[in-house]
Amino acid sequence: KKKKKKKKTKSTMSRPDYTNDDRFDGLFLQIAHQTQGIEPLLDTLFSFLRRKSDFFSPPGGGDIEKGSEAAIAKVNEVVKKHADIYLAGKRKEEEERLKKLRLKQKREAEAEAKKKQAAAAAAEKSKEGNDGVIEMGEDGFDISSGEPESTPAAAKAAAAAMPEPKSDAPPAAPKTEHINNDGKDDDKQEEEEEEEDNSPPPIGNGGTIDGKYVWTQTLQELTINVPLPENTRGRDLNVIISKKHLKIGFAKTKQEFIVNDDLTKPIIVDDSLWTIEDGNRLVLTLQKSNQMEWWDAPCQTDEPKINIQKVQPENSNLSDLDGETRQTVEKMMFDQRQKALGLPTADEQKKLDILEKFKASHPEMDFSNAKIN
């Protein structure tokens, strides 16, 4: 009898993509925090390879110099691979940014065209209508039941019947115009206020505190960059991060601080860290306790504070948020775009929708020539 030979099958496991592996991020963050810089971090890595592996040894015990050359070539190969991945990612981000910019410009152009058409239609309609006014206040609708005078003679007669105002009483202001104390009407004042508020959005959703630091933020964390003298090391600094207070100073002058102030809002101390980069810059990453609100400044006495209404969240980060926070951020972004285009915000649109429902439920009322205030 012939024995059947069993086929040997090799179990193959998929090799993980180490070029984008984040499993060891926590370990490397701890090492980076201890080494306080990129070069010390790399020194630690290559020290491990030199002492605990044969990375620099020649294959087969050959020429020592050739082994070192092979190690250097391998390092250059890996560095170039990651540099190519980085550049490809940046190109993709730039393409996405340009794509979104073109789409935004297209939508703005369409909205502007619709706005002009609506303005032209409203102007044409107002020429055909009369002067009847329906005012809507907090308590509902105040609808005038009287018929407007249709002839100039009737208007003159009504004016003649009115009593003469006293000489010491100020003349009544026209209903269609509101004059403030400076002699400027409300429309002009609003336009001036809008012109004054045409400052660009804050870079990185943060700002610069003169003589202290530059800061940026996302919804989750705050990043503070403090300039330092050249060749500063971690042991030269005295940095104390607490839930509601921040201290930054030098170890030699323990009573003098660059920053010694209460934070604008509380943070998560265990998830916050600091490191020195390039030997001349202190970088603090502060994790926010409330990750669905923006800060107008890192510390309470910082000036100037930013206008959080102009903060622009990154769309690419919205997918990382929970449903409730994402909905809030999207509403903020929608309202900002609507205001920039001169269109109603979400809340204003709801009020307009309620008004339309009221019109639909009262067909006996004629709103065709009405002006809604």
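In the block above lies the structure referred to throughout.
Here's what I pulled together on the structure shown here. The numbers attached to residues start from 1 for each chain and follow its sequence in the written order. Local features in a predicted model are, by the rule used here, given only for residues with pLDDT of at least 70; side-chain atom pairs are given and counted only at 80 or more, and totals for whole chains, interfaces and linings are based on all residues. Note that water and hydrogens are dropped before the side-chain values are worked out from all heavy atoms of the structure.

Brief notes about unusual backbone geometry
Cis peptide bonds are those with omega within 30 degrees of zero, and the linkage from Glu303 to Pro304 qualifies with 0°. In this text, helices come from DSSP runs of H or I with a minimum length of four residues, and strands from runs of E with a minimum of two, each type numbered from the N-terminal end. Mapping Pro304 onto the fold places it in the loop between β10 (281-288) and α6 (323-340). Its identity as a non-glycine residue notwithstanding, Asn205 has a phi of 60°, on the positive side. Non-glycine residue Asn231 carries a positive phi angle of around 65°. Note on placement: Asn231 falls in the loop between β5 (221-227) and β6 (237-241). To sort residues, take the accessible area from a 1.4 Å probe on protein chains only and compare it with the maximum for the residue type: under 20% means buried, over 50% means exposed, and anything in between is partly exposed. For Asn231, a relative accessible area of 66% corresponds to the exposed category.

Quick notes on the sheet that holds β6
Spatially, the 3 strands line up as an open sheet ordered β6-β7-β8, and their pairing is antiparallel. Edge strands, defined here as strands with exactly one partner in the open sheet, are β6 and β8 (257-262). Taking the axes of each pair of neighbouring strands and ignoring which way they run, one obtains an average angle of 5° across the sheet. Paired strands, in this sense, are two strands between which DSSP finds at least two bridges. Strand direction decides the pairing type here: β6 and strand β7 (residues 245-250), joined by 5 bridges, are antiparallel. Within β7, the residue paired with Leu237 across the bridge is Phe250. Helix axes are fitted to C-alpha atoms over the stretch in contact, other axes to C-alpha atoms as well, and angles between N-to-C directions run from 0 to 180 degrees.

Observations regarding the side chain of Thr345
With respect to the helices and strands, Thr345 occurs in the loop between α6 and α7 (346-361). The contacts of Thr345, once residues within four sequence positions are left out, are Phe334, Asp335, Gln338 and Lys339. Should any heavy atoms of two residues lie within 4.5 Å, those residues are counted as being in contact.

Things to note about the nonpolar core
With 26 residues, the main nonpolar core has Ile224, Leu282 and Leu284 as its most contacted residues. If you list the elements that add at least two residues to this core, you get β4 (213-217), β5, β6, β7, β9 (267-277) and β10. Excluding residues within four positions of it along the chain, Ile224 makes contact with Tyr213, Val214, Trp215, Leu246, Leu282, Val283, Leu284, Leu286 and Pro298. Residues belong to a common nonpolar core when they are buried Ala, Val, Leu, Ile, Met, Phe, Trp, Tyr or Cys residues joined through side-chain atoms within 4.5 Å.

Concerning the environment of Pro200
Secondary-structure assignment places Pro200 in the loop between α5 (186-196) and β3 (207-209). When the C-alpha atoms of Pro200 and Lys310 are compared, they prove to be 7.9 Å apart, with 110 residues separating the residues in sequence.

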